[in-house]
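# Residue-level structural notes
Listed here are the chains, written in short residue letters.
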Number of protein chains: 2
Amino acid sequence: MYKMVEDSRAVQKQLQVIMSKYSTLTINPNRLIDAIHSTAKWGAKGVWGPKPTDTGVCRLALSDFDKQVRDWFIGELGLLKCQIKIDQMGNIFGIYPGKNPGLPTGIGSHLDTQPNGGRYDGIYGVLSGLEVLKTFQDNNYVPNYPIAVVNWTNEEGARFPQSIISSSVWAGLVPLQHGLNLKSLDDIPVTLGDELVRIGYNGTTPASYKENPLAAHFEIHIEQGPVLQNEQKEIGVVTGVQAYEWNRVTIKGQSAHAGTTPMNTRSDALQIASMCILKGIEIANAHGGCCTVGTLSLEPSSVNVIPHLVSFTYDVRHPDSEVVKAIVKESKTEFEKIAIRGIGSPLAKLLAVEWELMQTSPTVKFNETCVSTVKQAASDIFPGKFREIVSGAGHDSVSTSYVCPTSMIFIPSRDGLSHTPEEYSTPEQISNGFQVLLKTIMAYDEKRANNEI
Amino acid sequence: MYKMVEDSRAVQKQLQVIMSKYSTLTINPNRLIDAIHSTAKWGAKGVWGPKPTDTGVCRLALSDFDKQVRDWFIGELGLLKCQIKIDQMGNIFGIYPGKNPGLPTGIGSHLDTQPNGGRYDGIYGVLSGLEVLKTFQDNNYVPNYPIAVVNWTNEEGARFPQSIISSSVWAGLVPLQHGLNLKSLDDIPVTLGDELVRIGYNGTTPASYKENPLAAHFEIHIEQGPVLQNEQKEIGVVTGVQAYEWNRVTIKGQSAHAGTTPMNTRSDALQIASMCILKGIEIANAHGGCCTVGTLSLEPSSVNVIPHLVSFTYDVRHPDSEVVKAIVKESKTEFEKIAIRGIGSPLAKLLAVEWELMQTSPTVKFNETCVSTVKQAASDIFPGKFREIVSGAGHDSVSTSYVCPTSMIFIPSRDGLSHTPEEYSTPEQISNGFQVLLKTIMAYDEKRANNEI
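Residues numbered from 1 in each chain as written. Chains lettered and ligands numbered in written order. Predicted model: local features only at pLDDT ≥ 70, side-chain atom pairs only at ≥ 80, totals over all residues. Heavy atoms only, no water.

### Side note on the interface of chain B and chain A
In this complex, chain B contributes 53 residues to the contact, which on the side of chain A involves 53 residues. Between chain B and chain A, roughly 4300 Å² of surface is buried when both sides are summed, and carbon and sulfur atoms account for 67% of that area. Among the residues chain B hides against chain A, the three largest losses belong to Thr260(B), Met263(B) and Val303(B). Together they make up 15% of the total. Where chain B touches chain A, the interface holds zero salt bridges. The interface formed by chain B and chain A holds ten residue pairs in polar contact (both at pLDDT 80 or more) in total. Those elements that provide at least two residues to the side of chain B that touches chain A are helix H7 (227–230), helix H8 (269–286), strand S13 (290–292), strand S14 (296–299), strand S15 (305–306) and strand S16 (309–318) of chain B. Top contributing element to the side of chain B that touches chain A by residue count: H8(B), with nine residues. (Contact = heavy atoms within 4.5 Å. Buried area = accessible area lost by both parts, 1.4 Å probe. Salt bridge = Lys/Arg side-chain N within 4 Å of Asp/Glu carboxyl O. Polar contact = N/O pair within 3.5 Å; in protein donor to acceptor, adjacent residues only side chain to side chain. Helix = DSSP H or I, 4+ residues; strand = E, 2+ residues; numbered from the N terminus.)

Now the structure itself:
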């Protein structure tokens with residue numbers, strides 16, 4: 001499925017780009033994709049194709065591989081003569097000076113990955129930020145205000161099981177000590193704080209937006225869904241993040257021997273769970289939302305024993321928090337009905353359904369100025385090839401949006417795949433997104449200088 | 001729910017029982033239930049009620065508890081002046097002499113339990129056999145031919161994962177070395193052969209029906225299903241064991257992010273699995289059979305990732321092997337249709353269904369003479385309170401039926417429960433079944449003496 005047009009060399013024609021009302025910057029067409037591929041050596045895993053770059057990445061937060069990519073990142077920031085701050089959560093801020101003092105405009109994402117992750121999720125955002133600074137340096141361009149590139153620690157929540165934890169601490173949403181005390185999912189668990197010390201990234205800058213603030217936060221990311229690809233759009237102008245709620249649903253029935261228990265006397269918890277799962281999908285569809293059962297366990301888990309207990313997670317999402325609540329409410333009613341109706345036989349015992357709220361996140365709406373700046377940049381460079389989009393996944397930008405103007409830019413993900421080695425965006429798509437980011441950052445910086453914000 | 005009528009003392013009125021055309025034997029009404037409860041101390045586990053006898057039993061094959069109950073059993077056989085044989089699989093044969101030489105008529109079952117087992121499954125059969133011999137001794141009754149009580153090793157397959165393994169080796173259905181090499185499911189696995197040596201039950205009698213034959217094999221057992229209770233019958237005359245087939249069904253879809261993947265683009269393996277599970281139940285019901293999904297696992301098993309792989313076991317049963325085949329065949333066709341139809345959206349990838357045959361067991365029909373002997377005994381003692389029944393579960397009698405005349409007797413199981421501490425039959429039911437067994441053994445012995453067989 002590899003097409004020649006996808007080769008990064010094909011974008012060389014776009015060497016000169018008019019980047020703003022005021023400046024024309026020359027971009028280096030291959031350096032960003034080369035950085036993505038060269039840094040993938042720190043944790044390369046999961047071969048999916050014949051080319052050397054056809055692997056995913058396993059770079060768990062604060063692992064040795066994470067230390068290696070962090071060390072490289074610090075080195076690059078040094079070459080750019082950035083001021084480097086490492087905070088108490090190991091978040092790295094590389095601050096490129098501007099003409100004027102003032103809060104830095106941030107470009108952030110994360111360098112850690114899922115255990116079976118790809119080359120782009122998070123990494124693309126940090127390295128694009130770095131490429132913005134390199135492009136400034138190449139062109140001797142000095143922004144009006146400082147620009148900070150940020151690497152947020154443990155965004156994935158894959159090693160330390162709480163996603164966007166370090167941007168959340170920075171935004172004052174989670175106490176520092178909670179973050180530092182998070183225990184890893186390693187065979188021999190260690191704390192996030194201990195691992196920061198071990199790899200030398202226990203910084204002294206307060207992990208706080210109050211003491212280490214940003215003027216704004218922009219993040220470029222792969223979509224991780226199929227919408228842009230299916231609609232043949234190049235750029236997603238992210239207006240916010242959809243609401244979600246996670247519940248654990250437990251169905252309680254009655255164990256019995258698979259060989260000796262007639263069908264009409266069974267209280268089979270898995271039969272009821274199957275009915276609930278399908279009903280949930282029906283309800284989510286009717287509301288235009290999503291629901292996902294991603295984990296399911298049963299007891300006693302023996303080939304010839306009817307399960308008496310099935311427990312599954314139920315992830316419900318919609319751009320509107322109220323619709324999420326409505327889907328969950330209707331699911332509770334309908335699952336209860338299914339359990340009470342049971343298998344429709346008076347010989348079967350009634351089953352019970354229990355709900356446990358795991359996590360909830362309301363709708364996030366990004367800052368209007370930030371969104372309109374991204375939209376203008378996309379419209380200028382890719383007229384007709386962009387669309388507004390609501391992020392289905394959480395990102396560090398959710399944390400930052402609570403304390404500073406924030407928005408995001410998406411590029412297409414091949415087949416919508418993510419969190420798998422096959423995660424892929426073409427070099428052209430990588431470059432397209434970068435150009436929109438570069439233009440956005442310059443435009444936002446100009447708006448600040450012109451007191452338009 | 002404890003009723004006074006269930007107290008074993010209530011059966012004292014039945015002290016004198018006419019047991020055959022020729023003999024009247026006095027039975028000891030409480031000794032059997034007392035033996036069941038007193039031997040439960042070796043592995044008592046799982047309190048379900050207020051009385052000291054309201055626990056289950058965890059007595060895994062060849063564990064220290066199994067050694068203790070075996071040692072006690074050997075002692076009892078010694079008091080009965082039985083010849084004791086221990087074979088290479090640790091099967092124990094206690095042979096009570098008859099008037100004439102000849103092959104012993106066997107009464108067998110097992111003293112091992114499930115990890116969360118009850119007090120009756122298997123144990124009832126072995127201790128009832130012992131009680132038959134004790135009743136003979138009490139009454140100075142000498143049978144025409146020897147009577148053997150047999151404890152088969154590892155019937156449950158709970159510790160060494162192959163059920164009815166030792167009766168299968170004895171019946172020549174499985175090679176001896178395969179049985180001895182079975183690895184336990186302990187944290188540190190050990191072989192069945194090593195554990196036999198450790199607890200001193202590595203006997204020298206060949207584990208072979210050819211070198212250590214039985215004239216017949218009778219087994220009394222709890223039903224483990226609700227049929228007798230629901231129909232208010234006291235005795236099940238077991239005519240055979242239903243056929244079954246175990247398959248592992250794997251649904252292959254596509255993982256994707258729960259937040260970013262629209263419902264109409266998903267290839268959700270769990271959604272398809274849920275549809276297959278419900279369709280399977282529909283198909284089994286239509287054929288008058290049973291199907292059970294007792295285990296299910298999914299990948300990647302993350303709250304916010306759509307599962308790309310779901311694997312479940314599919315246990316199908318019916319008294320007729322041909323109907324089992326028909327249910328499996330129809331399920332294969334229908335599951336395939338469900339997977340191909342998918343979620344009904346052209347944006348979703350097709351899913352695949354794979355089947356792997358795990359185990360199959362054809363219909364077992366017990367020996368007509370054995371069955372009619374049981375039926376006559378049941379009819380004599382409990383007229384109108386018995387019914388013919390097909391066993392839903394496998395038993396050691398399945399193995400013996402291939403090499404000697406065999407049949408079984410069932411008593412009711414409260415609510416059909418088994419393989420759980422709540423497994424329960426009343427002392428009266430325990431005694432009822434024993435009386436039918438005693439009469440059956442005497443009648444069969446007399447038929448042998450009268451050359452009616």
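### Here we look at unusual backbone geometry
Residues and elements named next belong to chain A. The omega torsion of the bond from Glu299 to Pro300 falls at 0 degrees, within 30 degrees of zero and hence cis. With respect to the helices, strands and loops of the structure, Pro300 is situated in the loop between strand S14 (296–299) and strand S15 (305–306). The phi angle at Leu62 is positive, at roughly 65 degrees, despite the residue not being glycine. Mapped onto the fold, Leu62 is located in the loop between strand S4 (55–57) and helix H2 (64–79). Leu62 gets classed as buried once you look at its relative accessible area, which sits at 0%. Phi is positive for Ile164, which is not a glycine, with a value near 40 degrees. With respect to the element layout, Ile164 can be found in the loop between strand S8 (147–151) and helix H4 (165–170). The exposure class assigned to Ile164 is buried, which follows from its relative accessible area of 15%. (Buried < 20%, exposed > 50% of the residue type's maximum accessible area, 1.4 Å probe, protein only.)

### Remarks on the relation of the copies chain B and chain A
Copy one and copy two of the chain differ by a rotation about an axis and a translation along that axis. When chain B is brought onto chain A, the operation consists of a screw motion whose angular component is 180 degrees and whose axial shift is 0.0 Å, with 0.1 Å RMSD remaining. Taken together, the turn and the small shift mark the pair as related by a two-fold rotation axis. The position closest to the rotation axis in chain B is occupied by the C-alpha of Ser274(B), lying 2.3 Å away. Of the residues that chain B buries at the interface, 100% are likewise interface residues in chain A, meaning the two copies contact each other through the same surface. (Least-squares fit on C-alpha atoms with pLDDT ≥ 70 in both.)

### Some remarks on the confidence of the model for chain A
Summarising the model, chain A shows a mean pLDDT of 93, and 94% of its residues fall at 70 or more. Per-residue pLDDT stays below 50 along residues 1–15 of chain A; that stretch engages in 29 contacts with residues further than four places along the chain or on separate chains. (pLDDT = per-residue confidence, 0-100.)

### So, the packing of aromatic side chains
The geometry of an aromatic ring pair is captured by two quantities: the separation of the ring centres and the angle between the planes. Residues and elements named next belong to chain A. Scanning the model with the defined rule gives 26 aromatic pairs over all chains in all. A centroid spacing of 5.6 Å and a plane angle of 80 degrees characterise the contact between Phe93 and Trp152, whose relative ring orientation is edge-to-face. Of the two residues, Phe93 sits in strand S6 (residues 92–96) while Trp152 sits in the loop between S8 and H4, which places them 59 residues apart along the sequence. Look at Trp152 and you get buried, because its relative accessible area is 1%. An angle of 65 degrees between the planes, with centres 6.2 Å apart, marks the rings of Trp170 and Tyr209 as edge-to-face. (Phe/Tyr/Trp six-rings, centres within 6.5 Å; stacked < 30°, edge-to-face > 60°.)

### Regarding helix H12 (residues 427–449) of chain A
Helical periodicity: at 3.6 residues per turn, an α-helix aligns residues three or four positions apart in one direction. All names here are of chain A. With 23 residues, H12 should reach 33 Å at 1.5 Å per residue; the first-to-last C-alpha distance of 33 Å fits that figure. Counting buried residues along H12, 20 of its 23 residues qualify, which places the element largely inside the surrounding structure. Looking one or two places after H12, you find Asn451, whose phi comes out positive at around 55 degrees. (Expected span 1.5 Å × (residues − 1).)

### Quick word on helix H3 (residues 123–138) of chain B
All names here are of chain B. Here H3 spans 22 Å end to end across 16 residues, near enough to the 22 Å set by a 1.5 Å rise per residue. For H3, a buried count of 14 out of 16 residues is recorded, marking the element as mostly surrounded by other parts of the structure. Directly after H3, the chain includes Asn140, whose backbone phi takes a positive value near 50 degrees.

### Considering the packing of helix H8 (residues 269–286) of chain A against H8(B)
Packing of H8(A) against H8(B) brings their axes to within 9 Å, and their N-to-C directions diverge by 130 degrees. By the angle between their directions, the pair H8(A) and H8(B) is classed as oblique. Viewed along their axes, H8(A) and H8(B) form a crossing whose handedness is left-handed. Facing Leu270(A), Gln271(A), Ser274(A), Met275(A), Ile277(A), Leu278(A) and Ile281(A) of H8(A), the residues of H8(B) in contact are Leu270(B), Gln271(B), Ser274(B), Met275(B), Ile277(B), Leu278(B) and Ile281(B). Considering only residue class, the contact of H8(A) with H8(B) consists of ten nonpolar, four polar and no charged. (Axes fitted to C-alpha atoms, helices over the stretch in contact; angles between N-to-C directions. Parallel < 35°, antiparallel > 145°, perpendicular 65-115°, else oblique. Left-handed = near helix turned anticlockwise from the far one by under 90°. Nonpolar A, V, L, I, M, F, W, Y, C, P; charged D, E, K, R; others polar.)

### Things to note about the pattern of salt bridges
Residue and element names in this part refer to chain A. The tally for this structure, following the rule as stated, stands at 34 salt bridges over all chains. Here Glu195 makes a salt bridge to Arg159, at a shortest N to O gap of 2.9 Å. Here Glu195, found in helix H6 (residues 192–199), pairs with Arg159, found in the loop between S8 and H4; they are 36 residues apart in sequence, far enough to count as distant. The same class applies to Glu195 and to Arg159, which are both buried.

### Description of the state of the cysteines
All names here are of chain A. Inspection of the entire model under this criterion finds zero disulfides over all chains. In this structure Cys291 is not part of a disulfide, and its nearest cysteine sulfur, from Cys290, lies 7.9 Å away. The thiol of Cys370 is unpaired, and the distance to the nearest cysteine sulfur, on Cys404, comes to 7.7 Å. (Disulfide = S-S within 2.5 Å.)

### A word on the pairing of strand S16 (residues 309–318) of chain A
Residue and element names in this part refer to chain A. The element S16 is extensively covered by neighbouring structure, given that ten of its ten residues are classed as buried. Here S16 shows no split at all, with Leu309, Ser311, Thr313, Asp315 and Arg317 on one side and Val310, Phe312, Tyr314, Val316 and His318 on the other all buried. Pairing of strand S11 (residues 243–252) with S16 involves ten bridges; the strand directions are antiparallel. Looking across to S16, one finds that Tyr244 is bridged to Arg317. In this sheet, S16 lies alongside strand S13 (residues 290–292) in antiparallel orientation, the contact comprising three bridges. (Pairing = 2+ DSSP bridges.)

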